Amino acid sequence: METENINVDEFLPAKNPIKLSNIKKGVVTESGEGMDVEEQNVIKKKTKKFKLKKVKKNAEPNESKIKMRKVAVPAHRYTPLRENWLKIFTPIVEHLLLQVRFNTKSRNVEIRVGPETKDDANLQKAADFVKAFLYGFDVEDALALLRLDDLFVESFEIKDVKTLQGDHLGRAIGRLAGKAGRTKFTIENVTKTRIVLADSKIHILGSYQNIALARRAICNLIMGSPPSKVYGNLRNVAKRVAERF
Amino acid sequence: MANAKMQNMIDKFSTLTEKPVKYLTVQDDIKKDIKNLVKSLYDFTKSQEQDSKTKQSQALKKIIVNDFDEEQIWQQIEIQNSQCWDQLVWDVANSMSSKKDLTFPIQFPEDRAQPDEACSENLSDNENKQLEPHNVKKSKVKSKNKVNKQQLNTRTSVVDDQFFKLQDMEKFLVNEEKTEAKGKKSNDDDDEGSIDMFDEIESEASDNEGGKEMMYSDFFNDENGDENAESYDEESNEGDIDRSSKKKVRFAEPNSDESEIDDENTKTDEHKKPRFGQPDAEESESDDEDMVSQVNGEKHVEEKKSEFELRQQRLKERISKLEEKTLTEAPWQLKGEIDATKRPQNSLLEEVLDFDLTTRPPPTITEQTTVTLEGLIKQRVKDKAWDDVIRKEKPVDDQLLFKKPEVLDQSKSKLSLAQVYETEYLKQKQALSGEVEDEKEPESHTEIRTAMSKLFSKLDALCHYHYTPKAPQAEVKIISNTPAISMEEVAPIAVSDAALLAPEEVKKKRKGDLMSKEERTQTDKNRERRKKKKLQRKKGQVMKVTEHRNTKKGVESSEKSLKTSKAFFQQLNDEATSLIKSKTKKNVKK
């Protein structure tokens, strides 16, 4: 009986529970490559697929990290994912030529390298793209990740910057956002980044330097400087950045 | 009868014109009298006219005075006058041509009656009648002359004079010789012998009527008077006809010049110039050259002067006149710059001054101008085309405006991040590539635009009522703040230090004295604090997006975004039900 190491990443129950009968027969294949499922005995996992381009018959319980990515979907992003599913998987499948699916049971978005995939590195890109969407960014903003190489997503928490409790934390978050999100948008516009404020977590999407600028601005805001001051600093810095390029 | 009438009229006339001053004002009371006088005079003279004239004349036989105004009466008289005047001039010329006949009769006793007669007939105070008596007079004079000539058995010589007549002298001499011849036989001692020196000088007394009582008038018949050619026509005064028919001595008088001038004025060129004043060379030769003109009882006596003498006389007169002119003080008009104090009062009012006006004269306001002006005003009010002055603001020359203002957009960006980076990338690419090809205007367009702007600026300058010229705009010069060394190192000669930033532009100069933080007084500290606060406030003031020139506030969408599916479907449901309800209602109604 072969027991495989349990993959920490995978939260799924074993797809192909090893049955004595099978083992006896010695049909178990190790890797889940490709479409060609030779065995007839393979129990197809019934997975709920909303829309699948390709029906995958995975005999294997685990897929190697190299060829597959799984991205967990938090509950609050479930509906948006459903709404924007078309916009999400279209670029992945068409441009990156990957295979993607949403595992409703496990609530994962799974991306897999297919035979027509040209570049395996795209897998990571796609995973990042989906992850970014699941953080809270807009699809169009997250798409930038796919198109440009040098965009990153940085996440940190407020408590990393400064320990705040209760009201202070609330006020800090309010300071970050501004009235109707003005401050956040200002920073976004000046630094050419996208910011997502998720309670205590802050995610910034953009190029490295811009992220740094935005991060500095946000940190200053967290630490208590008034927005006007932050704007002033931002402006000067942004001008210099712009002049350089 | 005629004379009496005449005399009447003359008397009337003299009474009416006693005080000519009265005629300066209108005299209504004697208007009628004057009219009647004029009428009577005219009619009388017309009646006295010779028949030959009446046939040709255009003038009326009797003047009409009733209900005619002065202009019309005068016209009638003028017709008559003009006719007679022509004839008169003609006759005078004729008579002048035959000068020899124009001698007044010498004062012989038998002739005295005749001149009186002639004079009496000259009693016309009417200008119309002068020709006739003159003619009469002339004829009489002619006859007299003939008589005289016959009597005198004339043979005039050059040396003949008022006193001396050659013929008489010869006669006398002849008689004396005769007597001498006789006397020689009778008396010896009378003539040739010794003259008794001690005898009383009685001879002179006996000869003359009263030796001691010799008067000027015995020798000279001259009475000073002007000789005027005009006065020859105006023989209005009867009492002055003491014309001695003797030849008259004429002294060099200042009047003679005037008379000469007058004569010349009245000459007619066709005939020999009848000179009443100055005798010609020809005239001087003849004895009976008496030009007698008489004005108010004055008589002239001519003396025969040689040409040279006359010329000299004239010259002297001229000289004296010129001397007078130059020596006397010039009138104030010719004295150059004259004050009001140096000329008589109000004398400038009578002067006709000539000067140039440098300023434009004020416009003459006529009815037409006012009408046009009012029309213009009304039209303007209707059109509401006022000429109000628009408040102008001086453009502030703020060089900071040249710096592109950094606009902080506080709203969610419309472009997604991908698009943002895309545009940026494209810009970079274009910048790298060099020329920006976007919207290059065709040359013709730019030419047209510049030409038009120039033309319009010129037109504005000409016709804009409140024109202000365009303020000079600052030129933008881009200076890169590179260190001087780097600029100098590179070879190009064209680059100069002026292209670099000045030290003040690198770091602004601090006003006032330099002082350390410890040296500051309270006021300094406050001043610094205030400055700092001001700067902070400025920094904090972020320009809203809508304040930027290029942006406008849009319309806010009032819809609430449907965040949950539940809400979405609920709304959908509600809409559908309402629609159904409305339709069912309609159906029911139908």
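For every chain, the first residue of its written sequence is number 1, and the numbers climb from 1 along that sequence. In the order they appear in the text, chains get letters beginning with A and ligands get numbers beginning with 1. Note on the predicted model: pLDDT of at least 70 is required for a residue's local features to be given, and 80 or more for side-chain atom pairs to be given and counted; whole-chain, interface and lining totals, by contrast, use all residues. Hydrogens are left out, water is left out, and the side-chain values use all remaining heavy atoms of the structure.

Honestly, the overall build of chain A in this entry has me stumped. Any pointers?
Secondary structure follows DSSP: runs of H or I at least 4 residues long count as helices, runs of E at least 2 residues long count as strands, and numbering of each begins at the N terminus. What chain A contains, in helices and strands, is ten helices and six strands. Per-residue burial for chain A yields a buried fraction of 40% across its 245 residues. Residue contacts are counted whenever heavy atoms from the two residues lie within 4.5 Å of one another. In chain A, once contacts between residues fewer than 6 apart in sequence are set aside, the share between residues at least 24 apart is 61%. For each residue, the accessible area found with a 1.4 Å probe, counting protein chains only, is set against the maximum for its type, and the residue is called buried under 20%, exposed over 50%, and partly exposed in between.

Sorry, what's going on with the overall build of chain B here?
Regarding its fold elements, chain B presents 21 helices and zero strands. Counting every position in chain B, which comprises 590 residues, the buried fraction comes to 21%. Here the contacts in chain B between residues at least 6 apart in sequence split such that 67% fall between residues at least 24 apart. Entry remark: accessible area of chain B is about 48,900 Å², with carbon and sulfur atoms responsible for 54%. Only the protein chains shown count as cover for residues, and the accessible areas themselves come from Shrake-Rupley with a 1.4 Å probe.

Just checking my understanding: could you explain the sheet that holds strand β5 (residues 194–198) of chain A for this structure?
All names here are of chain A. Pairing within the open sheet is antiparallel, and its three strands lie in the order β4-β6-β5. The open sheet is flanked by β4 (151–157) and β5, the only strands paired with a single partner. Sheet twist, expressed as the average angle between the axes of neighbouring strands with direction ignored, equals 15°. One requirement defines pairing of two strands: DSSP has to find at least two bridges between them. As paired elements, β5 and strand β6 (residues 201–207) share five bridges and run antiparallel to each other. The residue bridging alanine 198 from the neighbouring strand is lysine 201, located in β6. Between N-to-C directions, angles cover 0 to 180 degrees, with each direction set by a line fitted to C-alpha atoms, over the stretch in contact for helices.

What is the right way to look at the pattern of salt bridges in this model?
Side chains that differ in charge, positive against negative, can pair when their charged atoms come close. All names here are of chain A. Within this document, salt bridges are pairs made up of a side-chain nitrogen of Lys or Arg and a carboxyl oxygen of Asp or Glu, the two lying within 4 Å of each other. Overall, the coordinates contain 21 salt bridges over all chains when judged by the stated rule. Residue glutamate 110 is joined to arginine 101 by a salt bridge in which the shortest nitrogen-to-oxygen separation is 2.4 Å. Several salt bridges converge on common partners, so that one network encompasses Asp141, Lys184, Glu188 and Arg194.

Before we go on, may I ask you to explain the sheet that holds strand β2 (residues 98–103) of chain A in this structure?
In a beta sheet, neighbouring strands are held together by backbone hydrogen bonds and run either parallel or antiparallel to one another. Residue and element names in this part refer to chain A. Here we have three strands laid out as an open sheet, ordered β1-β3-β2, and antiparallel in their pairing. The open sheet is flanked by β1 (68–72) and β2, the only strands paired with a single partner. Each strand axis lies, on average, 15° off the axis of its neighbour in the sheet, ignoring direction. Strand direction decides the pairing type here: β2 and strand β3 (residues 108–113), joined by six bridges, are antiparallel. When the bridges of β3 are listed, phenylalanine 102 appears paired with valine 109. Against the sheet, helix α3 (residues 85–96) contacts β2 and β3, and its axis sits at roughly 155° relative to β2. Across the sheet, helix α4 (residues 121–135) lies against β1, β2 and β3, angled at about 5° from β1, the strand it touches most.

Whenever I open this one, the interface of chain B and chain A confuses me. Can you help?
The accessible area lost on association of the parts is a frequent measure of interface size. Each partner contributes residues to the interface: chain B has 20 residues there, and chain A has 24 residues. We define buried area as the total accessible area lost by two parts upon association, computed with a 1.4 Å probe and summed across both. Of the roughly 2,000 Å² buried between chain B and chain A on both sides combined, carbon and sulfur atoms contribute 60%. Its largest share of buried area at the contact with chain A, chain B owes to Gln410(B), Leu417(B) and Tyr421(B), together 31% of the area lost on that side. Lys412(B) serves as the salt-bridge partner of Asp138(A), at 3.4 Å between the closest nitrogen and oxygen. Polar contact is defined as a pair of N or O atoms within 3.5 Å, subject to the rule that within protein one atom must be able to donate a hydrogen and the other to accept it, and that residues adjacent in sequence are counted only when both atoms are side-chain atoms. For the interface between chain B and chain A, the tally reads nine residue pairs in polar contact (both at pLDDT 80 or more). Ranked by the residues each element gives to the side of chain B that touches chain A, the list is headed by helix α16 (residues 417–433) of chain B, at seven residues.

Any chance you could explain a nonpolar patch on the surface here in plain terms?
Two joining distances apply to patches: 9 Å for like charges and 5 Å for nonpolar side chains (Val, Leu, Ile, Met, Phe, Trp, Tyr), and every residue must have over 30% relative accessible area and no salt bridge. Taken together, the side chains of Ile448(B), Met452(B), Leu455(B), Phe456(B), Leu459(B) and Leu462(B) define a hydrophobic patch exposed on the protein surface, amounting to about 610 Å² of accessible area. Structurally, the position occupied by Leu459(B) is in helix α17 (residues 443–463).

In this structure, what is going on with the nonpolar core? I would like to understand it.
Across soluble globular proteins, nonpolar side chains show a tendency to be buried alongside one another. The biggest cluster of nonpolar side chains holds 35 residues, and the ones touching the most others in it are Leu81(A), Ile92(A), Leu98(A), Val109(A), Ile111(A), Phe129(A) and Val130(A). With eight residues, α4(A) is the largest single contributor of residues to this core. With residues up to four places along the chain from it excluded, the contact list for Val130(A) reads Val71(A), Ile88(A), Ile92(A), Val109(A) and Ile111(A). What we call a nonpolar core is a set of buried Ala, Val, Leu, Ile, Met, Phe, Trp, Tyr and Cys residues that are connected through their side-chain atoms within 4.5 Å. Ala214(A), Ala238(A), Leu408(B) and Val542(B) belong to the second-largest nonpolar core, a separate cluster that totals 22 residues.

Sorry, what's going on with the packing of α3(A) against helix α5 (residues 139–147) of chain A here?
The relative placement of two packed helices is expressed as an angle between their axes plus a distance between the axes. Residue and element names in this part refer to chain A. In the contact formed by α3 and α5, the axes pass within 10 Å of each other and the chain directions differ by 20°. As the angle between them shows, α3 and α5 are arranged roughly parallel. Crossing hand, α3 versus α5: right-handed. From α3, Lys87, Pro91 and Leu96 reach across to α5, where they touch Val139, Glu140, Leu143 and Leu146. Residue classes in the contact of α3 with α5 are distributed as five nonpolar, no polar and two charged. These descriptions rest on fixed angle ranges, namely under 35 degrees for roughly parallel, over 145 for roughly antiparallel, 65 to 115 for roughly perpendicular, and the rest for oblique. The sense of a crossing depends on the near helix, which, turned anticlockwise from the far helix by less than a right angle, makes the crossing left-handed and, turned clockwise, makes it right-handed. Gly is put with the polar residues, along with every residue not named as nonpolar or charged; the nonpolar set is Ala, Val, Leu, Ile, Met, Phe, Trp, Tyr, Cys and Pro, and the charged set is Asp, Glu, Lys and Arg.

Help me out: how do you make sense of the side chain of Arg520(B) in this one?
Relative to the helices and strands, Arg520(B) is located in the loop between α19 (503–506) and α20 (522–540). Those residues in contact with Arg520(B) that lie beyond four places of it in its chain are Met515(B), Lys525(B) and Glu528(B).

In this structure, what is going on with unusual backbone geometry? I would like to understand it.
What is expected of a backbone is that most residues other than glycine have negative phi and most peptide bonds are trans. Residues and elements named next belong to chain A. For alanine 180, which is not a glycine, the phi torsion comes out positive at approximately 55°. Mapped onto the elements, alanine 180 comes out in the loop between α7 (167–177) and α8 (182–191). Even without glycine at this site, aspartate 199 takes up a positive phi of about 45°. The residue aspartate 199 is located in the loop between β5 and β6 in this model. Of the residues examined, aspartate 199 reaches a relative accessible area of 65% and is grouped as exposed.

I would appreciate a short explanation of a negative patch on the surface in the present structure.
All names here are of chain B. In this tally, Asp and Glu contribute negative charge and Lys and Arg positive charge; neither His nor the terminal groups of the chain are included. All charge positions are set by atom: Lys at NZ, Arg at CZ, Asp at CG, Glu at CD. A surface patch of negative charge is lined by Asp69, Glu70, Glu71 and Glu78. Structurally, the position occupied by glutamate 71 is in helix α4 (residues 70–97). With a relative accessible area of 45%, glutamate 71 lands in the partly exposed category.

Explanation requested: a positive patch on the surface in the structure shown.
On the surface, a cluster of positive charge is contributed by Lys508(B), Lys511(B), Lys517(B), Arg529(B), Lys531(B), Lys532(B), Lys533(B), Lys534(B), Arg537(B) and Lys538(B). Following the sequence through the fold, Arg537(B) ends up in helix α20.

How should the packing of aromatic side chains be read in this particular structure?
Each aromatic ring pair is summarised here by two numbers: the centre-to-centre distance and the angle between the ring planes. Residue and element names in this part refer to chain A. Stacked, edge-to-face and tilted are the three classes for Phe, Tyr and Trp ring pairs, Trp counted by its six-membered ring, which pair at centre distances within 6.5 Å; planes under 30 degrees apart are stacked, over 60 edge-to-face, the rest tilted. Enumeration over the complete set of coordinates arrives at four aromatic pairs over all chains. Here the aromatic rings of tyrosine 78 and phenylalanine 102 are separated by 5.7 Å at their centres, their planes lie at 55°, and the arrangement is tilted. With tyrosine 78 in helix α2 (residues 78–83) and phenylalanine 102 in strand β2, this residue pair connects regions lying 24 residues apart in the sequence. Phenylalanine 102 gets classed as buried once you look at its relative accessible area, which sits at 6%.

Help me out: how do you make sense of the side chain of Glu110(A) in this one?
All names here are of chain A. Assignment of secondary structure puts glutamate 110 in strand β3. By relative accessible area, glutamate 110 is classed as buried at 0%. A distance of 2.4 Å separates a polar atom in the side chain of glutamate 110 from a polar atom in the side chain of arginine 101. Within the structure, the side chain of glutamate 110 is placed 3.0 Å from the side chain of asparagine 103, a separation counted as a polar contact.

Looking at this structure, I do not really get α16(B). What am I missing?
The α-helix winds at 3.6 residues per turn, so residues separated by three or four positions along the chain end up facing the same way. Here, expected helix span is obtained from the residue count minus one, scaled by 1.5 Å. Along its 17 residues, α16(B) runs 24 Å from first to last C-alpha, staying within 8% of the 24 Å computed at 1.5 Å per residue. Every buried residue of α16(B) is accounted for by Leu417(B), Ala418(B), Val420(B) and Tyr421(B). The buried residues of α16(B) occupy an angular sector of 160° when the element is viewed end-on, so they sit on one face. The exposed residues of α16(B) that point more than 90 degrees off its buried face are Lys427(B) and Ser433(B). Of the surrounding elements, those touching the buried residues of α16(B) are α5, β4, β5, β6 and α9 (208–223) of chain A. Summarising the geometry, the arc corresponds to the directions from the helix axis toward the C-beta atoms.

So what exactly am I meant to see when it comes to the confidence of the model for chain A here?
A low pLDDT means the predicted coordinates there should not be read in detail. A residue-level look at chain A finds 72% of positions with pLDDT of 70 or above and a mean pLDDT of 80. A score from 0 to 100, pLDDT tells how confident the predictor is in each residue. Predicted confidence is poor over residues 26–49 of chain A, with pLDDT under 50, and the contacts of this stretch with residues over four places away or in other chains come to 28 contacts.

How should I be thinking about α4(A) in this particular structure?
Residues and elements named next belong to chain A. Its 15 residues give α4 an end-to-end C-alpha distance of 21 Å, which sits within 8% of 21 Å, the value for a rise of 1.5 Å per residue. Turning to α4, its buried residues are Asn122, Leu123, Ala126, Ala127, Phe129, Val130, Ala132, Phe133 and Leu134. Looking one or two places after α4, you find glycine 136, whose phi comes out positive at around 140°.

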